[in-house]
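Letter by letter, the chains look like this.
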Amino acid sequence: MDKPNIAEMIIQYEKNKDMNDTQFAFESHLSVERIHNLKSGDYKATADEEKTILEYIKLHQ
């Protein structure tokens, strides 16, 4: 099975929580620009960013 796409995970999380990129960025301690770029596919998450995002989503589900 393929590893989940981090952009898709962010999109689904925001959709489920009725949250926008600014809220997600603030609460996950990442920049809004990074979130935008990840979701658009213009940017690949670093290992630290991916870890931060996955931990945040897991903790707040």
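Up top you'll find the structure we're talking about.
Keep in mind it's a predicted model, so treat the numbers as computed, not measured.

Conventions we followed
- Residues numbered from 1 in each chain as written.
- Predicted model: local features only at pLDDT ≥ 70, side-chain atom pairs only at ≥ 80, totals over all residues.
- Heavy atoms only, no water.
- Helix = DSSP H or I, 4+ residues; strand = E, 2+ residues; numbered from the N terminus.
- Expected span 1.5 Å × (residues − 1).
- Buried < 20%, exposed > 50% of the residue type's maximum accessible area, 1.4 Å probe, protein only.
- Arc of directions from axis to C-beta.
- Polar contact = N/O pair within 3.5 Å; in protein donor to acceptor, adjacent residues only side chain to side chain.
- Phe/Tyr/Trp six-rings, centres within 6.5 Å; stacked < 30°, edge-to-face > 60°.

## Regarding helix 1 (residues 6-17)
Now for step 1: Across its 12 residues, helix 1 extends 16 Å between first and last C-alpha, which sits within 8% of the 16 Å expected from 1.5 Å per residue.
Now for step 2: Those residues of helix 1 that fall on the buried side of the exposure criterion are Ile6, Ala7, Ile10, Tyr13 and Glu14. All buried residues of helix 1 fall inside an arc of 130 degrees around its axis, so they share one side. For helix 1, the exposed residues lying more than 90 degrees away from the buried face are Lys15 and Asn16.
Now for step 3: One side-chain oxygen at the N-terminal end of helix 1 lies 2.7 Å from the backbone nitrogen of alanine 7; it belongs to asparagine 5.
Now for step 4: Taken from the residues just after helix 1, aspartate 18 is the one with a positive phi, measuring 50 degrees.

## Comments concerning the packing of aromatic side chains
Now for step 1: What the rule picks out here adds up to 3 aromatic pairs.
Now for step 2: Ring geometry for tyrosine 13 versus phenylalanine 24: centroids 5.8 Å apart, planes at 65 degrees, classification edge-to-face. Pair noted here: tyrosine 13 is in helix 1 and phenylalanine 24 is in helix 2 (residues 21-28), with a separation of 11 residues, a long-range link. For the pair tyrosine 13 and phenylalanine 24, a shared accessibility class is recorded, and that class is buried.
Now for step 3: Ring geometry for phenylalanine 24 and tyrosine 56: centres 5.3 Å apart, planes at 90 degrees, overall edge-to-face. Highlighted residues: phenylalanine 24 in helix 2 and tyrosine 56 in helix 4 (residues 47-60), separated in sequence by 32 residues. No difference in accessibility class separates phenylalanine 24 from tyrosine 56, as the two residues are buried.
Now for step 4: An aromatic cluster is defined as three or more aromatic residues linked by ring pairs; in this entry it consists of Tyr13, Phe24 and Tyr56.

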